[in-house]
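# Close look at the chain arrangement
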Amino acid sequence: ILTPTIIKNSYGEETTTWSSKCKTRASVLHKAGGKRISNDDIIVDYTKTIQVRYYIDVDEYDRILYDGKLYQILDIESDRHLQCKTLNIKQLHE
């Protein structure tokens, strides 16, 4: 899990850097995928669902680094009864 840190550079511009917040075990399920063409490139979009333990500190502003790919968190569902959080994520193309 990566968390954003906003810093000012030497020109006074605010830039976002990503630092590691924590590493944890998770259950990862592939939800959907598709191809699209953008600027003469074929881009493959993936949507996945990740389940982590309830005590993991994560919010919608964080990002997930999984299998060498970066994902944006779309939403988080917390379930106290099952003691887990379900994260719906989408692959980022930067």
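Described in the following lines is the structure provided in the data block. As the structure is a computational prediction, the values presented were derived from the model and not from experiment.

### Description of the state of the cysteines
One pass over the structure, following the stated rule, counts zero disulfides. Unpaired in this structure, C22 has its nearest cysteine sulfur neighbour in C84, at a distance of 16 Å.

### Here we look at the pattern of salt bridges
If you walk through the whole model with that rule in mind, you get two salt bridges. The salt bridge partner of K21 is D62, with a shortest N-O separation of 2.8 Å. Here D62 lies in the loop between β4 (41–53) and β5 (63–66) and K21 lies in the loop between β2 (14–20) and β3 (27–38), a separation of 41 residues in the sequence. Classification of K21 by relative accessible area gives partly exposed; the value is 29%. Among the ionic contacts, a cluster of salt bridges with common partners joins K21, D57 and D62.

### A look at the nonpolar core
Counting residues in hydrophobic clusters, the biggest one holds 11 residues: I1, I50, V52, I56, V58, I64, Y71, I73, I76, L87 and I89. Those elements that provide at least two residues to this core are β4, β6 (69–79) and β7 (84–91). Take this core: its biggest share by element is three residues, from β6. Beyond its immediate sequence surroundings of up to four residues, I64 is in contact with I1, I50, K69, L70, Y71, I73, L87 and I89.

### Examining the layout of surface pockets
Unoccupied space between atoms shows up once a probe the size of one water molecule is rolled over them. Taken as a whole, the largest pocket spans an internal volume of roughly 260 Å³. In this structure, the largest pocket is lined by 15 residues; those nearest its centre are I1, K23, T24, I64 and L65. Put simply, the parts of the chain that give the lining of the largest pocket at least two residues each are β4 and β5. No other element matches the three residues that β5 contributes to the lining of the largest pocket. Among the residues forming the lining of the largest pocket, the class breakdown is 11 nonpolar, two polar and two charged.

### Here's the deal with the pairing of β3
Of the strand pairs in this sheet, β3 and β4 are connected by 11 bridges, and their pairing is antiparallel. Residue pairing across strands places R36 opposite I43, the latter belonging to β4. If you look at the hairpin formed by β3 and β4, you'll find two residues sitting between the two strands, and N39 has a positive phi there, around 55°.

Calculation notes
- Residues numbered from 1 in each chain as written.
- Predicted model: local features only at pLDDT ≥ 70, side-chain atom pairs only at ≥ 80, totals over all residues.
- Heavy atoms only, no water.
- Disulfide = S-S within 2.5 Å.
- Salt bridge = Lys/Arg side-chain N within 4 Å of Asp/Glu carboxyl O.
- Helix = DSSP H or I, 4+ residues; strand = E, 2+ residues; numbered from the N terminus.
- Buried < 20%, exposed > 50% of the residue type's maximum accessible area, 1.4 Å probe, protein only.
- Core = buried A, V, L, I, M, F, W, Y, C linked by side-chain atoms within 4.5 Å.
- Contact = heavy atoms within 4.5 Å.
- 1 Å grid on protein atoms, 1.4 Å probe; cavity = no way out; pocket = protein on both sides within 12 Å on 5 of 7 lines; lining within 4 Å.
- Points joined across faces, edges and corners; volume = space filled by probe spheres on them.
- Nonpolar A, V, L, I, M, F, W, Y, C, P; charged D, E, K, R; others polar.
- Pairing = 2+ DSSP bridges.

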